[in-house]
Amino acid sequence: FHTTFNIINTTLMIQLIPTIGRVVTYMVPEDEPKKVVIEQPHFLDKASLNYPQTGIKALLDESLRLLEKTTYKVITHGLSVHREELESDKKLKKIVENIHQFELDIDTIYYNKFKTIYSKIVEYATQLQSRFDLDEDKIIAIRSILRADRLMVEMVKDLKPLHANMTKYLGSDNEYIRAEYNNLRRMLLKILRLTRKARLAKLDEAYISRSKNIRESVEKYDVLMNGTVDKLVRERLITNEMATSLMNDSSIAIHIAHNLIDVSSLLYLQRDYFMDVDENAGLQVAA
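If you're wondering where the values come from, they're calculated on a predicted model, not measured in any experiment.

### Remarks on empty space enclosed by the protein
Phase 1: Throughout the structure, instances matching the rule amount to two cavities of 30 Å³ or more.
Phase 2: Here the largest cavity defines a volume of roughly 50 Å³.
Phase 3: In terms of lining, the largest cavity is formed by Y72, T76, R83, L86, E87, L192, T195, R196 and R199.
Phase 4: Of all the secondary structure elements, the ones that give two or more residues to the lining of the largest cavity are α2 (52-78), α3 (83-86) and α7 (175-200).
Phase 5: Here the lining of the largest cavity gets four residues from one element, more than from any other, and that element is α7.
Phase 6: If you add up the space inside the second largest cavity, you get close to 40 Å³.

Quick look at the structure:
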């Protein structure tokens, strides 16, 4: 009886396998693999490699896109700020009061949006230099662009530990550690606004002088050198763990600030040069 029952039961179940499969699939749907989109260059085309000037312009345009479309966004989100808010006329004090939490996977952003673009830019620059016997000015222009790209990569990597601690301590109950991290945010946002002005207009002597002054002034945010962290620990206003994080993060924030000023100066000076060349060419044609 037992053997006969099992045979009959198995025979019936075999007929129902497709139906059971459909029911189980409906009840427990299979997770579709997420599509990974790797950012590709927009301006590094083969046609631009036919002439040194167009090749350098392609490198510059791709680097500016990496700065304006990706780097700015990563830094603002890393500082828990909406980019639209930063680009508004709102006072920095008001912006810092609002903390927007973003899920920011720095490693994923780097591999999907930076690594391929950066490697393609370096490869393109190598091809350009191997094709032509470039004069010193063009070689310097290419090296300046590549240096700016390298600094952008450094900024994104530096942002990873800074963002983690920003998220942790901006939500802390300790008002003193919150205030120190908000100081770092305010400093970086001030520099981001300065570079935004450079993006919207030609660099002039006033901008260069102001950026130089700001670059020097950010050193005062080093909480180790200005005595802030020592005072907070001695008065037991923050823990030793907070002090260690704050010392490291103030150093990282200053490094990002320096790099941001250097990147904007390197790229926008090159942009202005090409704008001047185009304007002069237009004047010659009109004449």
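Next, the rest of the story.
### With respect to the packing of aromatic side chains
Phase 1: Applying the stated criterion across every chain yields a total of two aromatic pairs.
Phase 2: Residues Y110 and Y111 carry aromatic rings whose centres are separated by 5.2 Å and whose planes lie at 70° to one another, so their mutual orientation is edge-to-face.
Phase 3: Given the relative accessible area of 46%, Y111 is considered partly exposed.
Phase 4: With centroids separated by 5.4 Å and ring planes inclined at 25°, the aromatic side chains of Y169 and Y181 adopt a geometry described as stacked. In this pair, Y169 is assigned in helix α6 (residues 136-170) and Y181 in helix α7, connecting sequence segments 12 residues apart.

### Here we look at the confidence of the model for the chain
Phase 1: Scored by pLDDT, the chain comes out at a mean of 87, with 93% of its residues at no less than 70.
Phase 2: The least confident element of the chain is helix α8 (residues 205-217), whose mean pLDDT is 79; the most confident is helix α9 (residues 228-234), at 95.
Phase 3: In this model, residues 281-287 is a region of pLDDT below 50 whose contacts with residues beyond four sequence positions or in other chains number zero contacts.

### Let's talk about the side chain of E39
Phase 1: If you trace the backbone, E39 turns up in the loop between α1 (2-27) and α2.
Phase 2: Reaching out from E39, the side chain makes a polar contact with the side chain of R65 at a distance of 3.0 Å.
Phase 3: Ignoring sequence-local partners within four residues, the contact set of E39 consists of R65, N112, K113, T116 and I117.

### Some remarks on the pattern of salt bridges
Phase 1: Tallied over the entire structure, the rule returns 15 salt bridges.
Phase 2: A salt bridge links K231 to E235; its shortest N-O distance comes to 3.5 Å.
Phase 3: In this structure K231 comes out as partly exposed when scored by relative accessible area, which is 42%.
Phase 4: Taking the relative accessible area as the measure of exposure, E235 reaches 41% and is therefore partly exposed.

### Regarding the environment of Y110
Phase 1: Within the secondary structure layout, Y110 lies in helix α5 (residues 106-131).
Phase 2: Setting aside its immediate chain neighbours within four residues, Y110 contacts K115, V153 and K157.

### Some words on a nonpolar patch on the surface
Phase 1: Side chains of M13, L16, I20, V23, V24, Y26, M27 and V28 sit close together on the surface and give an oily, nonpolar patch of about 830 Å² of accessible area.
Phase 2: Within the secondary structure, V28 sits in the loop between α1 and α2.

### Thoughts on the nonpolar core
Phase 1: With 77 residues, the main nonpolar core has L59, L189 and L267 as its most contacted residues.
Phase 2: Secondary structure elements with two or more residues in this core: α2, α4 (92-97), α5, α6, α7, α8, α9 and α10 (240-286).
Phase 3: What L189 contacts, discounting residues up to four positions off in sequence, is L79, V81, L86, L92, I95 and V96.

Rules behind the numbers
Residues numbered from 1 in each chain as written. Predicted model: local features only at pLDDT ≥ 70, side-chain atom pairs only at ≥ 80, totals over all residues. Heavy atoms only, no water. 1 Å grid on protein atoms, 1.4 Å probe; cavity = no way out; pocket = protein on both sides within 12 Å on 5 of 7 lines; lining within 4 Å. Points joined across faces, edges and corners; volume = space filled by probe spheres on them. Helix = DSSP H or I, 4+ residues; strand = E, 2+ residues; numbered from the N terminus. Phe/Tyr/Trp six-rings, centres within 6.5 Å; stacked < 30°, edge-to-face > 60°. Buried < 20%, exposed > 50% of the residue type's maximum accessible area, 1.4 Å probe, protein only. pLDDT = per-residue confidence, 0-100. Contact = heavy atoms within 4.5 Å. Polar contact = N/O pair within 3.5 Å; in protein donor to acceptor, adjacent residues only side chain to side chain. Salt bridge = Lys/Arg side-chain N within 4 Å of Asp/Glu carboxyl O. Patch = residues over 30% accessible without salt bridge, like charges linked within 9 Å, V, L, I, M, F, W, Y side chains within 5 Å. Areas by Shrake-Rupley, 256 points an atom, 1.4 Å probe, with all protein chains shown as cover. Core = buried A, V, L, I, M, F, W, Y, C linked by side-chain atoms within 4.5 Å.

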